[in-house]
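Here is what each chain is made of, one letter per residue.
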2 protein chains.
Amino acid sequence: MIRVIFLGTSASIPTKNRALPSIMILRNGEQLIFDCGEGVQRQMLIAGVGLRKNLRIFISHMHADHVLGLAGILMSLSLTGRQDPLEVYGPSKLSSFIELVKELFNFTPSFDIIIHKVSDGVVYRGRGFKIVAFKVKHMEESYGYALVEDLRPGKFDPRKAEKLGVPKGPLWKALQEGKPVKIDGREVKPEDVMGPPRRGLKIVYSGDTALMQEMIEISRDADLLIHEATFDDTLQEMAVNELHTTASQAATIAREAGVKKLVLTHISPRYEDPTILLTQAKKIFDNTIIAEDLMNIELAWSD
Amino acid sequence: MIRVIFLGTSASIPTKNRALPSIMILRNGEQLIFDCGEGVQRQMLIAGVGLRKNLRIFISHMHADHVLGLAGILMSLSLTGRQDPLEVYGPSKLSSFIELVKELFNFTPSFDIIIHKVSDGVVYRGRGFKIVAFKVKHMEESYGYALVEDLRPGKFDPRKAEKLGVPKGPLWKALQEGKPVKIDGREVKPEDVMGPPRRGLKIVYSGDTALMQEMIEISRDADLLIHEATFDDTLQEMAVNELHTTASQAATIAREAGVKKLVLTHISPRYEDPTILLTQAKKIFDNTIIAEDLMNIELAWSD
């Protein structure tokens, strides 16, 4: 089961109801934070999910509204005496940001900060999943991230096992774990009793980006596509100029990629009521929602 | 009339209910912000008081929890196209902070930022008041600030004016404005018909500081003393070591200085319920309250 918590859903400037961008993903004891807008540590407290030992932070790009809150997180972790190293991932300027914060505030963290400069491809392998970074079209060195679960073993078919004379018990377990077993000198292979490997969950976060066709392949069959939709369609020119996406553009990506669910986020503060974005997007891709601060989405395997 | 809005009242780390330190004072069209903890711009939006043209920002010291939010304010002001110069006041490192923010985020504000390095004494003269900085005992270059209104003219005594033969009308007004008038070749001076000058309001904000006896003179007869009280009395040793003040120490300052009202702020996140601080302080100085986020206090002349 994966839990996605939207900690901040505004663009550039916060509003009364929306903090600056940040998304937390919790999966099997791992805590992954994507972007850290100003105020994110307080949003976590309000959401009732504190910082954990097994935390990793991924920054999409070095615009202040996506990264300023990292300074507060680092200092609070240090004030509360964290010892475990913290791994952070992002564009090359992320390390200057962290160095300057240390220098300026004469800040010596209680823990090591391991900074990974990301580029296209797998940037982290967790237990049963990987995080893949992909370049997007915004400022220099802007990335999106995808969480892709590993393939899971296929479904075990007890009738096939019985037919092949494998008795219920430890031998079934061995087959389910992918090990061949011997019955009266005869070998039964896992593939004889298991269906094809099953895909895991896939979540894609666009970061900030102009419309890009590559996003269709990147998002192919995702269970959840979290795409920026800073502007509604009437401001498409502004979206092009400022390298952002409109609601309909994001919905078109979702439809073409065949994703299960689309969440629009990074909502311009001009939309006190974001219904216009939702209406435009739903015309193209019905299973769309607008992210709200502190919204939770839970994803589970369907088979 | 002066309105004081507490935008953030926590110390070092925010809590669910308390943002990081910031206090806004509104007086006669001027907006003064003292300290800018992370998240302050959103606290303002929640308080329903946006940034105004006539804004000045005063930073007490360069600990991150008091200044990080300034970066967000500067960027939001620029994104919304501010043209008027912005004057900010604080320790010498404030200018490096602003320079680094500009550099790191490739940020060219739409307005000039005028940085005033403060030292003991008057740092700003507004219309009818001044802001006085005073050194406190915390990190290098830590300051508190006092807002001190100018003396107001004394009370006009209509009976005295009548006795001296000054007819009601423009001549009364002239005397009230401090100008002498002539009646039948005889001069009547303002002081003949006016009481002694009346004091204006006085608000003192301690910033972060260890107990300091000088605070008594600084706070003498203040209408409002906003004093940090990071710790309760049982943690007095910690207060001494970390250069902070306890509830009873702050209350003793308030009592000795003869202030009208004491507000304790900069509450350590360990106090989910700050009643212990209030109880300890009230034993020494009864008119004490604990600052809460978004609390408003209005001060008006009593005569």
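Predicted model, so just to flag it, every value in this text is computed and none were measured.

Q: Before we go on, may I ask you to explain the relation of the copies chain A and chain B in this structure?
A: Note on the chain copies: they are related by a rotation about an axis and a translation along it. Laying chain A over chain B is done by rotating through 180° and shifting 0.0 Å along the axis; what remains is an RMSD of 0.1 Å. With respect to symmetry, the two chain copies, as superposed, fit the operation of a two-fold axis. When C-alpha distances to the rotation axis are compared across chain A, the minimum falls at A:Gly39, with a value of 2.3 Å. When the interface residues of chain A are mapped onto chain B, 100% of them again fall at the interface, so both copies present the same face.

Q: Sorry if this is basic, but what is going on with the pairing of strand β1 (residues 2–8) of chain B here?
A: When a strand is regular, its side chains alternate between the sheet's two faces. Residues and elements named next belong to chain B. The buried fraction of β1 amounts to 6 of the 7 residues, a majority that puts the element mostly inside the structure. Direction of pairing for β1 relative to strand β2 (residues 22–27): antiparallel, over a ladder of 6 bridges. Its bridge partner lying in β2, Ile2 is registered against Arg27. In terms of strand pairing, β1 meets strand β16 (residues 296–299) through 4 bridges, oriented antiparallel. Counterpart to Arg3 in the pairing with β16 is Glu298.

Q: So what exactly am I meant to see when it comes to the nonpolar core here?
A: Where a protein is soluble and globular, its nonpolar side chains tend to be buried together. Grouped together as the largest cluster of nonpolar side chains are 68 residues, with contacts concentrated most on A:Ile57, A:Phe97, A:Phe105, B:Ile57, B:Phe97 and B:Phe105. In this structure, A:Ile57 is in contact with A:Ile33, A:Cys36, A:Leu70, A:Ile73, A:Leu86, A:Glu87, A:Val88 and A:Tyr89, ignoring residues within four places of it in sequence.

Q: Any chance you could explain the interface of chain A and chain B here in plain terms?
A: Often, the extent of an interface is quoted as the loss of accessible area upon association of its parts. Listed as interface residues are 38 residues of chain A and, on the opposing side, 38 residues of chain B. For the pair chain A and chain B, the summed buried surface comes to about 2,800 Å²; carbon and sulfur atoms form 67% of the total. Viewed at the interface, chain B and chain A are joined by 0 salt bridges. Where chain A meets chain B, there are 12 residue pairs in polar contact (both at pLDDT 80 or more). Contributing elements (two or more residues each) for the side of chain A that touches chain B: α1 (40–47), α2 (64–79) and α3 (93–104) of chain A. It is α2(A) that provides the largest number of residues to the side of chain A that touches chain B, a total of 9 residues. Taken together, the residues of the side of chain A that touches chain B break down into 18 nonpolar, 13 polar and 7 charged.

Q: I would appreciate a short explanation of helix α9 (residues 247–257) of chain A in the present structure.
A: Because the α-helix completes a turn every 3.6 residues, residues three or four places apart line up on one side. Residues and elements named next belong to chain A. For α9, a buried count of 8 out of 11 residues is recorded, marking the element as mostly surrounded by other parts of the structure. Along α9, the positions that sit buried rather than exposed are Ala247, Ser248, Gln249, Ala250, Ala251, Ile253, Ala254 and Ala257. Among the structural elements, α7 (214–219), β13 (224–228), α8 (236–242), β14 (262–265) and α10 (275–284) are those in contact with the buried residues of α9. In the stretch just after α9, Gly258 is the one whose phi turns positive, near 65°.

Q: How do you make sense of the packing of aromatic side chains when you look at a structure like this?
A: The way to describe two aromatic rings as a pair is by their centre distance and the angle between their planes. On inspection of all chains with the given rule, the structure shows 18 aromatic pairs over all chains. Note on B:Phe58 and B:Tyr89: the rings are 4.5 Å apart at their centroids and 15° apart in plane angle, and the pair reads as stacked. Highlighted residues: B:Phe58 in strand β4 (residues 55–58) and B:Tyr89 in strand β5 (residues 86–90), separated in sequence by 31 residues. Classification of B:Phe58 as buried rests on a relative accessible area of 0%. Grouping aromatic residues by their ring pairs yields a cluster made of A:Phe34, A:Phe58, A:Tyr89, A:Tyr124, A:Phe129, A:Tyr145 and A:Tyr205.

Q: Got a minute to help me understand the pattern of salt bridges in this structure?
A: Close approach of charged atoms lets side chains of opposite charge pair. All names here are of chain A. Inspection of the entire model under this criterion finds 32 salt bridges over all chains. One salt bridge in this structure joins Asp84 and Lys53, with 3.1 Å as the shortest N-O distance. Note that Asp84 is positioned in the loop between α2 and β5 (86–90) and Lys53 in the loop between α1 and β4 (55–58), a separation of 31 residues in sequence. Judged by relative accessible area, which is 60%, Lys53 ranks as exposed. Across the pair Glu214 and Lys137 runs a salt bridge, and its minimum N-O distance is 4.0 Å. Of this pair, Glu214 sits in helix α7 while Lys137 sits in the loop between β8 (129–135) and β9 (143–149); the two residues are 77 residues apart in sequence, bridging distant segments of the chain.

Q: Can you walk me through the side chain of B:His266 in this structure?
A: Residues and elements named next belong to chain B. As for its placement among the helices and strands, His266 is situated in the loop between β14 (262–265) and α10 (275–284). Within the structure, the side chain of His266 is placed 3.0 Å from the side chain of Thr230, a separation counted as a polar contact. Residues in contact with His266, not counting those within four places in the same chain, are Thr9, Ser10, Ala11, Ser12, Pro21, Asp65, His66, Asp208, Glu228, Ala229, Thr230 and His244.

Q: In this structure, what is going on with the sheet that holds β2(B)? I would like to understand it.
A: Across a sheet, paired strands are connected by hydrogen bonds in the backbone, their directions being either parallel or antiparallel. All names here are of chain B. In space, the 7 strands of this open sheet follow the order β6-β5-β4-β3-β2-β1-β16, with mixed pairing throughout. The open sheet has two edge strands with one neighbour each: β6 (113–117) and β16. Taken over all neighbouring pairs, the strand axes of this sheet differ in orientation by 20° on average, direction set aside. Looking at chain direction, β5 and β6 are connected through 5 bridges and run parallel.

Q: Help me understand the domain arrangement of chain A in this model?
A: Assigned domains within chain A: domain 1 (2–152 + 198–299) and domain 2 (158–193). Of note, the centres of domain 1 of chain A and domain 2 of chain A, computed from C-alpha atoms alone, are 44 Å apart.

Q: Honestly, the packing of α9(A) against α10(A) in this entry has me stumped. Any pointers?
A: Two quantities define a packed helix pair, namely the angle between the axes and the distance from one axis to the other. Residues and elements named next belong to chain A. Across the interface, α9 lies against α10 with an axial gap of 8 Å and an inter-helix angle of 30°. As the angle between them shows, α9 and α10 are arranged roughly parallel. When you trace α9 past α10, the crossing you get is right-handed. Within the contact between the two elements, α9 uses Ala247, Ser248, Ala251, Thr252 and Arg255 and α10 uses Leu277, Gln280, Ala281 and Ile284. Counted by class, the contact of α9 with α10 contains 5 nonpolar, 3 polar and 1 charged residues.

Q: Got a minute to help me understand the sheet that holds strand β16 (residues 296–299) of chain A in this structure?
A: Residues and elements named next belong to chain A. Strand order in the open sheet formed by 7 strands is β6-β5-β4-β3-β2-β1-β16, and the pairing between neighbours is mixed. Edge positions in the open sheet fall to β6 (113–117) and β16, since each of these has one partner strand only. Strand after strand, the sheet turns through a mean of 20° between neighbouring axes, direction not considered. Sheet analysis places β4 next to β5, joined by 3 bridges and oriented parallel.

Q: In this structure, what is going on with the packing of helix α2 (residues 64–79) of chain B against helix α3 (residues 93–104) of chain B? I would like to understand it.
A: Residues and elements named next belong to chain B. The N-to-C vectors of α2 and α3 enclose an angle of 50°; their axes lie 11 Å apart at closest approach. Of the possible angle classes, the one that applies to α2 and α3 is oblique. Crossing of α2 over α3 shows right-handed handedness. Along the contact surface, α2 presents Val67, Leu68, Leu70, Ala71, Leu74 and Met75, while α3 presents Leu94, Phe97, Ile98 and Val101. When the residues that make up the contact of α2 with α3 are grouped by side-chain class, the tally is 10 nonpolar, no polar and no charged.

About the criteria used
Residues numbered from 1 in each chain as written. Chains lettered and ligands numbered in written order. Predicted model: local features only at pLDDT ≥ 70, side-chain atom pairs only at ≥ 80, totals over all residues. Heavy atoms only, no water. Least-squares fit on C-alpha atoms with pLDDT ≥ 70 in both. Contact = heavy atoms within 4.5 Å. Buried < 20%, exposed > 50% of the residue type's maximum accessible area, 1.4 Å probe, protein only. Helix = DSSP H or I, 4+ residues; strand = E, 2+ residues; numbered from the N terminus. Pairing = 2+ DSSP bridges. Core = buried A, V, L, I, M, F, W, Y, C linked by side-chain atoms within 4.5 Å. Buried area = accessible area lost by both parts, 1.4 Å probe. Salt bridge = Lys/Arg side-chain N within 4 Å of Asp/Glu carboxyl O. Polar contact = N/O pair within 3.5 Å; in protein donor to acceptor, adjacent residues only side chain to side chain. Nonpolar A, V, L, I, M, F, W, Y, C, P; charged D, E, K, R; others polar. Phe/Tyr/Trp six-rings, centres within 6.5 Å; stacked < 30°, edge-to-face > 60°. Axes fitted to C-alpha atoms, helices over the stretch in contact; angles between N-to-C directions. Domains from an automatic or database assignment. Parallel < 35°, antiparallel > 145°, perpendicular 65-115°, else oblique. Left-handed = near helix turned anticlockwise from the far one by under 90°.

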